[in-house]
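Working through the structure, step by step
Listed below, chain by chain, are the residues.
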Amino acid sequence: MIRDDAAVRPSSDDGLGLIEIVVCIFLIGILAISFLPLFAQGMQLAVRNATIASATQIANEQLEIARGTATSCAAFTGTGGYGPSTPPVMTDARGTNYQATRTVSTCPATYPGIVQVTVSVAKVGVAGALSSATTYVRLTAAS
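1. A closer look at the pairing of strand β3 (residues 113–123)
The pairing of strand β2 (residues 97–104) with β3 spans 7 bridges and is classified as antiparallel. From the neighbouring strand, Gln 99 faces β3, where its bridge partner is Ala 122. Summarising the sheet, β3 and strand β4 (residues 131–139) pair through 9 bridges and their orientation is antiparallel. Bridge pairing in β4 links Ile 114 to Arg 138.

2. Let's talk about the pattern of salt bridges
Applying the stated criterion across every chain yields a total of 2 salt bridges. Its salt-bridge partner being Glu 64, residue Arg 67 comes within 2.5 Å of it at the nearest N-O pair. You can see Arg 67 and its partner Glu 64 sitting in helix α2 (residues 18–68), 3 residues apart, about one turn around the helix. Note that Asp 92 and Arg 94 form a salt bridge whose closest N and O atoms lie 3.1 Å from each other.

3. Notes on the side chain of Gln 62
With respect to the helices and strands, Gln 62 occurs in helix α2. Gln 62 gets classed as buried once you look at its relative accessible area, which sits at 5%. If near-sequence neighbours (up to four positions away) are discounted, Gln 62 is found in contact with Tyr 82, Pro 87, Met 90, Ala 100, Arg 102 and Val 119.

4. Topic: the packing of aromatic side chains
Tallied over the entire structure, the rule returns 0 aromatic pairs. Directly above the ring of Tyr 82 sits Arg 102, whose terminal nitrogen or CZ lies 4.1 Å from the centroid.

5. Details of the state of the cysteines
Within this structure, the stated rule accounts for 1 disulfide. Between the sulfur atoms of Cys 73 and its disulfide partner Cys 107 the distance amounts to 1.2 Å. Pair noted here: Cys 73 is in helix α3 (residues 73–77) and Cys 107 is in the loop between β2 and β3, with a separation of 34 residues, a long-range link. Taking the relative accessible area as the measure of exposure, Cys 73 reaches 4% and is therefore buried. The partly exposed category is assigned to Cys 107, whose relative accessible area is 30%.

Conventions used here
Residues numbered from 1 in each chain as written. Predicted model: local features only at pLDDT ≥ 70, side-chain atom pairs only at ≥ 80, totals over all residues. Heavy atoms only, no water. Pairing = 2+ DSSP bridges. Helix = DSSP H or I, 4+ residues; strand = E, 2+ residues; numbered from the N terminus. Salt bridge = Lys/Arg side-chain N within 4 Å of Asp/Glu carboxyl O. Buried < 20%, exposed > 50% of the residue type's maximum accessible area, 1.4 Å probe, protein only. Contact = heavy atoms within 4.5 Å. Phe/Tyr/Trp six-rings, centres within 6.5 Å; stacked < 30°, edge-to-face > 60°. Lys NZ or Arg CZ within 6 Å of the ring centre and 35° of its normal. Disulfide = S-S within 2.5 Å.

Here is the structure:
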């Protein structure tokens, strides 16, 4: 005797119906919406970190300029020297503008001596420094 499998199985639906699929899509949508605030915070944090990294890079560049400046106090702090000043506004690849501010301590009483150089970098239009760094520069003479 030959068996017919169609006769043995009941004729009910064995797959997912349209309602089940819509419910699954709805639940996945709710899960996706619940992760949106986390994604937004991650994006804000990434932008903030990129801004701080750019400010730190600018501060380090300004300190390298100080280290490469002449070794006499007059050349270092005088007109046209490194001195305490405000370099021009710098812009990063994202179009953010930064302003560096340099502070130089007074020349030492004896030579060779050192001066302390501090650079602070802030975002233009925003109060407070994003990055600040200090170095010491060795000077060999007063003039």
